[in-house]
Amino acid sequence: MIKQAPALQVNGIQKSFGGVPVLHSVSFDVPSGHVTALAGENGAGKSTLMKIISGQITADAGVVTLFGQTLEQGNPILSRRSGVSIVPQELSPYPDLTIYENLFVGREIRNRIGLLNHSEMQKQARQMLEIFGLDLNPKIKMNRLSVAATQLVEITKATSWGARILLLDEPTSAIPDREVDQLYKVVRTLRKQNVAMIYTTHRMVEIQELADSVVVLRDGNLALNVPIKEADESKIVHSMVGRDLEKLTSAKINVSAKKRIEISNLQLDKKSEPISFDIAQGEILGLGGLIGAGRTEIVESIFGIRKARSGIVIIDGIEVNIGSPSQSIKAGVAFVPEDRKGAGLVLSRSVVDNASLPHIREFSRSGWVNFGARNNAINKAVKAVNLRSRGLSQLVGTLSGGNQQKIVLARWLTQDVKLLILDEPTRGVDVGARSEIYSIIRKLASEGMSVLLVSSDMPELIGMSHRVLVIRSGGIAGELNRTELNRDDAQIKIFEFASGQEKEDINV
Ligand SMILES: Nc1ncnc2c1ncn2[C@@H]1O[C@H](COP(=O)(O)OP(=O)(O)OP(=O)(O)O)[C@@H](O)[C@H]1O
Ligand SMILES: [Mg+2]
């Protein structure tokens, strides 16, 4: 019997950047209708491998074959024509175009006289979105969508080309736990249609939930390639990081009673309830809620990059000029936003430039930068987040995604911060680095910093916070203290508050 060649084979793939090897002879197969989870620490080489398969870059050695045919590398159009589609880690939609225009970029439907047939594209766009159960109006602009919705539209776009091999590079890094189900459905539907998939993720649950087999890269080497039933979580983590990790333990309750940060009457817009809350010195206050509940809007308003309708922020008894990020920074507020591209990372500049950007003045005397002092401070900060880079001069644009996230965090670890605002701080960060970031946040809090943590990752929110406020429609829908967070039903409680389904206490 003739054995059919697998949909995708990578064979002896090697790649170096500037003489530094990133992939060392990596080989594995992915058959049709099979999901291979690709795991590995930040910088292990996952995205590089996907870029080679999808033709964005060429390997230094090795071949990629599709159904037994050698693929000519470095030709994205040819890769796509041969059936390979990729949803890249860094999405690049056209924000000013509508959803349907984004879905049809490069293959617009025209009528007989060559004019764009908008109504037909809208109709087909609606059908494409419906297949995946997405209830979105194709006529709205991309820039009005949340990061999660943007990601789902990009996946719709990638799969609508009739892909036989689909590469998903951290498709859920921007999608909160509760909304991931939709993506699971999409992947399962595609598996039934016999599509071969490589799925990169840092979430162990997803691997267990979706994968047929697991491939782990460690420093560019193939460290594991086994069917899912032979790979439990500890085995995967161990081959990724080479050691066992501590489990995330719950935050301890001892927080000073000193109210340090007071937020009062913060109202996002006419429709939302004004909210007021305090954060004590050393307290980690979590903000939970569904996508679009207003958590990001709240923290952006506190920091001042978004204009709230009203509100007062007081730090150590002194009112901060709300609406001015530079005044907030002066008053000791630091902000790590969810979107690192919007976080002011300058991809064409070095690690040290980016890490010192918000506080370059501290390292300057009468206009001259003290490079020695600056390098020392930044070196300490990047060590604290365990940054994988080739040194402080490496351009940020050439770091792996997770390492870019670490820079956004590292830049705030060099000055006297009173309130640290973190919006989804470990999105896209590998499990090893994640536990490092958790201990950094805890250490900063125990030294007296107040932390406001927005997180859609339930174990993170519940494990890290001393207290959680659940946000719904810009208002506070509920609050859980540490004792309540320790209970088994904490997650359900948070969801009930978030969705407005909390049971009214019945007084008999
Ligand atoms: N264009 C480039 N120039 C120089 N180095 C690069 C370039 N692209 C990637 N690298 C380096 O190659 C290594 C692998 O990066 P890659 O993006 O493949 O990692 P990854 O496994 O996808 O990580 P993450 O989980 O953070 O997304 C990193 O050390 C990165 O800095
Ligand atoms: Mg990557």
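About the criteria used
Residues numbered from 1 in each chain as written. Chains lettered and ligands numbered in written order. Predicted model: local features only at pLDDT ≥ 70, side-chain atom pairs only at ≥ 80, totals over all residues. Heavy atoms only, no water. Helix = DSSP H or I, 4+ residues; strand = E, 2+ residues; numbered from the N terminus. Rg over C-alpha atoms; globule rule 2.2 N^0.38 Å. Buried < 20%, exposed > 50% of the residue type's maximum accessible area, 1.4 Å probe, protein only. Salt bridge = Lys/Arg side-chain N within 4 Å of Asp/Glu carboxyl O. Near = heavy atom within 4 Å. Polar contact = N/O pair within 3.5 Å; in protein donor to acceptor, adjacent residues only side chain to side chain. Areas by Shrake-Rupley, 256 points an atom, 1.4 Å probe, with all protein chains shown as cover. Pairing = 2+ DSSP bridges. Axes fitted to C-alpha atoms, helices over the stretch in contact; angles between N-to-C directions. Phe/Tyr/Trp six-rings, centres within 6.5 Å; stacked < 30°, edge-to-face > 60°. Lys NZ or Arg CZ within 6 Å of the ring centre and 35° of its normal. Core = buried A, V, L, I, M, F, W, Y, C linked by side-chain atoms within 4.5 Å. Contact = heavy atoms within 4.5 Å. Domains from an automatic or database assignment. Buried area = accessible area lost by both parts, 1.4 Å probe.

Chemist: Describe the overall build of the protein chain, with residues and values.
Modeler: Looking only at helices and strands, the protein chain has 17 helices and 22 strands in total. Compactness check: the protein chain gives a C-alpha radius of gyration of 24 Å against a globular reference of 23 Å for 508 residues, within 12% of the reference. In terms of principal-axis extent, the alpha carbons of the protein chain reach across some 75 × 60 × 50 Å. Counting across all 508 residues of the protein chain, residues that qualify as buried make up 53%.

Chemist: Any chance you could break down the pattern of salt bridges for me, citing the residues and the numbers?
Modeler: Counted according to the given criterion, the structure contains 20 salt bridges. A salt bridge links Asp316 to Lys258; the shortest N-O distance between them is 3.7 Å. Here Asp316, found in the loop between strand S14 (310–315) and strand S15 (318–320), pairs with Lys258, found in the loop between helix H8 (233–241) and strand S11 (259–267); they are 58 residues apart in sequence, far enough to count as distant. Look at Asp316 and you get partly exposed, because its relative accessible area is 30%. For Lys258, a relative accessible area of 43% translates into the label partly exposed. In this structure, Arg427 and Glu424 form a salt bridge, with 3.9 Å as the shortest nitrogen-oxygen distance. For Glu424, a relative accessible area of 8% puts it in the buried group.

Chemist: Go over the site of ligand 1, please, and point to the residues and values.
Modeler: Close to ligand 1 lie 20 residues, the nearest being Lys46, Thr48, Thr398, Ser400 and Gly402. Interatomic distance of 2.7 Å between a side-chain N/O atom of Lys46 and an oxygen atom of ligand 1. Interatomic distance of 2.7 Å between a backbone N/O atom of Gly402 and an oxygen atom of ligand 1. Protein chains shield 84% of the accessible area of ligand 1, which is 640 Å² for the free molecule.

Chemist: Help me get a handle on the sheet that holds S15, residues and values and all.
Modeler: An order of S12-S11-S14-S15 is seen for the four strands of this open sheet, with the pairing classed as antiparallel. Each having just a single partner strand, strand S12 (275–280) and S15 make up the two edges of the open sheet. Neighbouring strand axes in the sheet, compared pairwise and without regard to direction, differ in orientation by 20 degrees on average. In this sheet, S14 lies alongside S11 in antiparallel orientation, the contact comprising five bridges. Bridge pairing in S14 links Gln267 to Ser310.

Chemist: Which residues make up unusual backbone geometry, and what are the values?
Modeler: With a phi close to 50 degrees, Asp316 is a non-glycine residue in the positive phi region. If you check the backbone angles, Ser473 has positive phi at about 50 degrees while not being a glycine. Considering the arrangement of structural elements, one finds Ser473 in the loop between strand S21 (467–472) and strand S22 (475–481). Using a relative accessible area of 56% as the deciding quantity, one classes Ser473 as exposed.

Chemist: Please set out the packing of aromatic side chains residue by residue, giving values where relevant.
Modeler: One pass over the full model with this rule turns up one aromatic pair. Taking the centre distance of 5.1 Å and the plane angle of 40 degrees together, the rings of Phe303 and Phe335 count as tilted. Here the residue Phe303 occupies a position in helix H9 (residues 295–303), and Phe335 occupies one in strand S16 (residues 333–336), the gap between them amounting to 32 residues. The exposure class of Phe303 is buried, given its relative accessible area of 6%. Among the residues examined, Phe335 registers a relative accessible area of 5% and is labelled buried. The ring of Phe104 carries the charged tip of Arg107 above its face, separated from the ring centre by 5.6 Å.

Chemist: Describe the nonpolar core, with residues and values.
Modeler: Core analysis: the biggest nonpolar cluster contains 36 residues, and Ile99, Leu103, Val187 and Tyr199 have the highest contact counts within it. Taken together, the elements giving at least two residues each to this core come down to helix H3 (99–103), helix H4 (118–131), helix H5 (147–159), strand S7 (165–169), helix H6 (180–192) and strand S8 (196–200). Apart from residues lying up to four places away in sequence, Leu103 is in contact with Ala125, Met128, Leu129, Val153, Thr156 and Lys157. The next biggest cluster of nonpolar side chains, apart from the first, holds 35 residues, and it includes Val396, Ile407, Ile441 and Ala445.

Chemist: Talk me through the domain arrangement of the protein chain; I want residue IDs and the actual numbers.
Modeler: Each assigned domain of the protein chain is listed with its residue range as follows: domain 1 (8–241), domain 2 (259–332 + 416–499) and domain 3 (338–415). For domain 1 versus domain 2, the distance between C-alpha centres works out to 32 Å. Facing 17 residues of domain 1, the contacting portion of domain 2 comprises 14 residues. Carbon and sulfur atoms make up 60% of the area that domain 1 and domain 2 hide from each other, which totals about 1,200 Å². At the junction of domain 1 and domain 2, the tally comes to zero salt bridges. The tally of links between domain 1 and domain 2 comes to one residue pair in polar contact (both at pLDDT 80 or more). It is H8 that contributes the most residues to the side of domain 1 that touches domain 2, three residues altogether.

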